[in-house]
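Residue strings, one per chain:
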Amino acid sequence: MTQAELAHKAGLERSSVTNIELGTQTLNERTINALAEAMGYEVHVTFRRRSPTGK
């Protein structure tokens, strides 16, 4: 999926997706949810915890 497609599906500007990828834009709960939904994920799957061993 391109940045433009992701931005469109999430209701964001393409420049916002670019800035998120670059780490120059802070994410809020709405944006996290919109991106997860646009990619077909649920937020709890996207941010599930990993054990200290990485599993």
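See above for the structure.
What counts, and at which threshold
Residues numbered from 1 in each chain as written. Predicted model: local features only at pLDDT ≥ 70, side-chain atom pairs only at ≥ 80, totals over all residues. Heavy atoms only, no water. Helix = DSSP H or I, 4+ residues; strand = E, 2+ residues; numbered from the N terminus. Buried < 20%, exposed > 50% of the residue type's maximum accessible area, 1.4 Å probe, protein only. Contact = heavy atoms within 4.5 Å. Areas by Shrake-Rupley, 256 points an atom, 1.4 Å probe, with all protein chains shown as cover. Core = buried A, V, L, I, M, F, W, Y, C linked by side-chain atoms within 4.5 Å. Axes fitted to C-alpha atoms, helices over the stretch in contact; angles between N-to-C directions. Parallel < 35°, antiparallel > 145°, perpendicular 65-115°, else oblique. Left-handed = near helix turned anticlockwise from the far one by under 90°. Nonpolar A, V, L, I, M, F, W, Y, C, P; charged D, E, K, R; others polar.

Novice: Hey, could you run me through the overall build of the chain in this one?
Specialist: Scanning the chain from terminus to terminus reveals 4 helices and 0 strands. Overall, the chain shows an N-to-C arrangement of helices and strands of α-α-α-α. Out of the 55 residues in the chain, the part that is buried amounts to 22%. Partitioning the intrachain contacts of the chain with sequence separation of at least 6 by distance along the chain shows that 24% fall at a separation of at least 24. A total of about 4,600 Å² of accessible surface is found on the chain, and carbon and sulfur atoms cover 50% of it.

Novice: Help me out: how do you make sense of the nonpolar core in this one?
Specialist: Soluble globular proteins tend to pack their nonpolar side chains together in the buried interior. Within the largest apolar cluster, 8 residues are counted, these being Leu6, Ala7, Ala10, Leu12, Val17, Ala34, Leu35 and Ala38. At the level of elements, helix 1 (3-10) and helix 3 (29-38) are the ones that each hand at least two residues to this core. Every residue in contact with leucine 35, bar those within four places of it in the chain, is listed here: Leu6, Ala10, Leu12, Ile20 and Leu27.

Novice: So what exactly am I meant to see when it comes to helix 2 (residues 14-22) here?
Specialist: The α-helix winds at 3.6 residues per turn, so residues separated by three or four positions along the chain end up facing the same way. Along helix 2, the residues classified as buried are Ser16, Val17 and Thr18. Residues of helix 2 that are buried make contact with helix 1. The first or second residue beyond helix 2 is glycine 23, which carries a positive phi of 80°.

Novice: It is not clear to me how the packing of helix 1 against helix 2 should be interpreted in this structure. Could you clarify?
Specialist: Each packed pair of helices is defined by two parameters, the angle between the axes and the distance between the axes. Where helix 1 meets helix 2, the axes come as close as 8 Å, and the angle between the chain directions of the two elements is 110°. Of the possible angle classes, the one that applies to helix 1 and helix 2 is roughly perpendicular. Handedness of the crossing formed by helix 1 with helix 2: right-handed. Taking contact as the criterion, the partners of Gln3, Ala4, Leu6 and Ala7 in helix 1 are, on helix 2, Arg14, Val17, Thr18 and Glu21. Grouping the amino acids of the contact of helix 1 with helix 2 by side-chain chemistry returns 4 nonpolar, 2 polar and 2 charged.

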